[in-house]
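Residues per chain are reported as follows:
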Amino acid sequence: MSSQEILFLLSGLKWTLALSAVAFVTGAIFGLLVALARTSPNRIVAKAAEYYINVFQGTPLLMQLFVVYFGLPLLGLKLDAWIAVAIGFTLHASAYLGEIWRGAIQAVPRGQTEAASALALTYWPRIKDVVLPQALRISLPATVGFLVQLIKGTSLAALVGFTELSLAGKFIANQTFRPLVVYSVVGLLYFIICWPLSLYGARLERKFAAASR
Amino acid sequence: MASTQSAAAPVASPAIAPMIVMEAVEKWYGPYKALTDINLSVRQGEKIVLCGPSGSGKSTLIRCINHLEGYSKGRITVGGVNLTESAKTIDAVRRDVGMVFQQFNLFPHMTILQNCTLSPMRTLGQSKAKAEATARRLLERVKILDQADKYPAQLSGGQQQRVAIARALCMEPKVMLFDEPTSALDPEMVKEVLDTMIGLAEDGMTMIVVTHEMGFARQVADRVIFMAKGEIVEEGHPKDFFTAPKHERTRAFLGEILRH
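Bear in mind the structure is a predicted one, so any value in this text is a computation, not a measurement.

Asker: Can you lay out the overall build of chain A for me, pointing to particular residues and giving the numbers?
Answerer: If you tally the helices and strands in chain A, you get 8 helices and 0 strands. When the helices and strands of chain A are placed in sequence order, the string is α-α-α-α-α-α-α-α. In terms of its C-alpha atoms, chain A occupies a principal-axis envelope of roughly 70 × 50 × 25 Å. Taken across its 213 residues, chain A has 44% of its residues classed as buried. Summarising the internal contacts of chain A: among those between residues at least 6 apart in sequence, 76% fall at separations of at least 24. For chain A, the exposed area adds up to about 11100 Å²; of that, 69% sits on carbon and sulfur atoms. Separation between the mean location of the 17 positive side-chain charges and that of the 8 negative ones in chain A comes to 4 Å.

Asker: How would you summarise the sheet that holds strand β4 (residues 73-78) of chain B if you had to cite specific residues and measurements?
Answerer: Residues and elements named next belong to chain B. The strand order across the open sheet built from 4 strands is β2-β1-β4-β5, with neighbouring strands paired in antiparallel fashion. Looking along the sheet, the strands with just one partner apiece sit at the ends: β2 (32-42) and β5 (81-83). Averaged over all adjacent pairs, the angle separating strand axes in this sheet is 25°, with direction ignored. Relative to β2, strand β1 (residues 20-29) runs antiparallel, the two sharing 7 bridges.

Asker: Describe the pairing of strand β7 (residues 175-179) of chain B, and please don't skip the residues or the numbers.
Answerer: All names here are of chain B. Of all 5 residues making up β7, 5 are buried, and the element is well covered by its neighbours. What you see with β7 is no split at all: V175, L177 and D179 on one side and M176 and F178 on the other are buried throughout. Bridge count between strand β6 (residues 97-100) and β7: 4 bridges; the pairing is parallel. Opposite V100, over in β7, you have F178 as the bridge partner. Across 5 bridges, β7 lies against strand β8 (residues 206-210) in parallel orientation. Opposite V175, over in β8, you have T206 as the bridge partner. Handedness of the crossover joining β7 and β8 through helix α6 (residues 187-202) is recorded here as right-handed.

Asker: Outline the interface of chain A and chain B, supporting the account with residue identities and numerical values.
Answerer: Contacts between the two partners involve 20 residues from chain A, matched on the other side by 23 residues from chain B. Together chain A and chain B conceal approximately 1700 Å² of surface at their shared face, both sides included; 61% is due to carbon and sulfur atoms. When residues of chain A are sorted by the area they lose upon contact with chain B, A118(A), L119(A) and A120(A) head the list and together hold 32% of the total. Residues R122(B) and D129(A) are paired through a salt bridge, measuring 2.6 Å at the closest nitrogen-oxygen approach.

Asker: So what's going on with the nonpolar core? Residues and values would help.
Answerer: Residues L139(B), I165(B), M176(B), F178(B), M197(B), M207(B) and F216(B) are the most contacted members of the largest nonpolar core, which totals 49 residues. In terms of residue count, the dominant contributor to this core is α6(B) (8 residues). Sequence-distant contacts of I165(B), defined by excluding residues within four places in its chain, comprise V100(B), M176(B), F178(B), V193(B), T196(B), M197(B) and L200(B). Counting 41 residues, the second-largest nonpolar core is a separate cluster that includes A120(A), V93(B), V97(B) and M171(B).

Asker: Describe the environment of S54(B), listing the residues and the values that go with them.
Answerer: All names here are of chain B. With respect to the helices, strands and loops of the structure, S54 is situated in the loop between β3 (47-51) and α1 (58-65). What makes S54 exposed here is its relative accessible area of 72%. The spacing of S54 and A228 is 174 residues in sequence and 8.6 Å in space, taken between C-alpha atoms.

Asker: Please give an account of the sheet that holds β7(B) that cites residues and values.
Answerer: The strands that make up a sheet pair up through hydrogen bonds in the backbone, lying either parallel or antiparallel. All names here are of chain B. Across the sheet, 6 strands lie side by side as β6-β7-β8-β3-β9-β10; this open sheet has mixed pairing. Bordering the open sheet on either side are β6 and β10 (231-236), each of which pairs with just one other strand. Within the sheet, the average angular offset between the axes of one strand and its neighbour, ignoring direction, is 20°. Most of the contacts of α1 go to β7, to which it runs at about 150°, and overall it touches β3, β6, β7, β8 and β9 (223-228). Across the sheet, helix α9 (residues 248-258) touches β3, β9 and β10, and the angle it forms with β9 is around 100°.

Asker: Kindly report on the packing of helix α5 (residues 157-169) of chain B against α6(B), identifying the contributing residues and their values.
Answerer: All names here are of chain B. Two elements in contact, α5 and α6, have axes separated by 8 Å at closest approach and are oriented at 20°. Relative to α6, the element α5 lies roughly parallel. Helix-helix and strand crossings are classified by hand; for α5 and α6 the assignment is right-handed. Along its contact with α5, which presents G157, G158, Q159, Q161, R162, I165 and L169, the element α6 presents M189, E192, V193, T196, M197 and L200. The class makeup of the residues in the contact of α5 with α6 is 6 nonpolar, 5 polar and 2 charged.

Asker: Account for the pattern of salt bridges, with residues named and values stated.
Answerer: One pass over the structure, following the stated rule, counts 18 salt bridges over all chains. R102(A) is paired through a salt bridge with E99(A); the nearest N and O atoms lie 2.7 Å apart. Of this pair, R102(A) and E99(A) are both found in helix α4 (residues 81-107), 3 residues apart, which corresponds to roughly one turn of the helix. On the accessibility criterion, R102(A) (18% relative accessible area) is buried. The partly exposed category is assigned to E99(A), whose relative accessible area is 22%. When the shortest N-O distance is used, the salt bridge between K191(B) and D195(B) registers 2.8 Å. Of this pair, K191(B) and D195(B) both sit in helix α6, 4 residues apart, which is roughly one turn of that helix. By relative accessible area, which is 36% here, D195(B) ends up partly exposed. Here the residues in one salt-bridge network are R110(A), E114(A), K27(B), R63(B) and E69(B), joined through shared partners.

Asker: Before we move on, could you go through the environment of P73(A) and cite the residues and values that matter?
Answerer: By the element assignment, P73(A) lies in helix α3 (residues 61-74). Discounting chain neighbours no more than four positions away, the residues touching P73(A) are V68(A) and K78(A).

The rules behind each value
Residues numbered from 1 in each chain as written. Chains lettered and ligands numbered in written order. Predicted model: local features only at pLDDT ≥ 70, side-chain atom pairs only at ≥ 80, totals over all residues. Heavy atoms only, no water. Helix = DSSP H or I, 4+ residues; strand = E, 2+ residues; numbered from the N terminus. Buried < 20%, exposed > 50% of the residue type's maximum accessible area, 1.4 Å probe, protein only. Contact = heavy atoms within 4.5 Å. Areas by Shrake-Rupley, 256 points an atom, 1.4 Å probe, with all protein chains shown as cover. Lys, Arg positive; Asp, Glu negative; His and termini not counted. Charge placed at Lys NZ, Arg CZ, Asp CG, Glu CD. Pairing = 2+ DSSP bridges. Axes fitted to C-alpha atoms, helices over the stretch in contact; angles between N-to-C directions. Right-handed = clockwise from strand over helix to strand, strands pointing away. Buried area = accessible area lost by both parts, 1.4 Å probe. Salt bridge = Lys/Arg side-chain N within 4 Å of Asp/Glu carboxyl O. Core = buried A, V, L, I, M, F, W, Y, C linked by side-chain atoms within 4.5 Å. Parallel < 35°, antiparallel > 145°, perpendicular 65-115°, else oblique. Left-handed = near helix turned anticlockwise from the far one by under 90°. Nonpolar A, V, L, I, M, F, W, Y, C, P; charged D, E, K, R; others polar.

Following this line, the structure appears as structure tokens:
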């Protein structure tokens, strides 16, 4: 592969990372809201969040991207491919992170919320100071695991024409007629990003397990 | 004292007005009736020990007083505030009522000092300096000041429970509820917690204690209340209660727990 081709792959990698970062950050913000709604004492709010999670967990990510990219323009919303995939992945990530954090919030022992309530702490300080710090710790390995899934999942954005790493690889492979080499390099690039994250997740899990002992 | 007019109870003088009043309180869990016709009045400074077999509703009763459990019927008034489902009355009551749990329930991600200062800062709006000064004074009182910067997991059960008492006291409550505070402790740690509670009682705190520590009841209680199947069966001064229980169920229960 020429250096020009490698640079093209790296520019694809840049977009993969950018899309992952945006999806994770915005997904985390909305995911936190989904998790809080899902665990809300208000039954209507909790039910709405449950349906939201079910819809996005129960349908393929690719369909979600197609709906946003091809569907929304039919309603008069013409979106740039970048914006469309960012929205699609944000919805996807918020549902999954919402469900991961819902589980973590509910895994915090009930006595913690009761003690906070008995100390007259109201909902926000109870959540912010007592429940979430403990829930975050519980959820961290699963959250990092989801981030790895998300990074690999961004390759689906290729199918709506967003030139991230996988689509860049396809272009180069078609050009050079050497798919084996090119896709191996592409795979290696994904691995270089994802593997350290997986190791980091495993390390956090061990660290927190030791700290809570 | 008698001349100060309480804003919450403008009619009665605070020296006479009871601190806690429960009138015909009922509590249902679905089809299961957990509390039946509970009538209880607790004076300021009074120490009450609640006992009874497990499932008799003693924990449920005290958890209704700070609304960790809602009640289904009747009326509860704490410090002149009528406790309803509204967040406003619940918050008002919880500010006046401290609680100590069987499992301590300290916040594991915070130091002992942070455990004690969290609610005074968040709920009462105290400055960090003021909250920490109060916390140190109360940790000193429960003889645990030297552990202030440790985390709960680094302390023994007895130490954790004394921290839990100090943490509740930091809110300067008018009433303290204890839900089986020594039941989860190793035997050698029971005494240090009971001693702390006795000290608190001697200082005039209004206390409701769910416990099977009958020695504590004899020494501290103004009244012992016996519950069974969600009802108050019998109540009396510990002297009468232990020597001449009136009801068959009370006698059977005392026979069970005093035998060994």
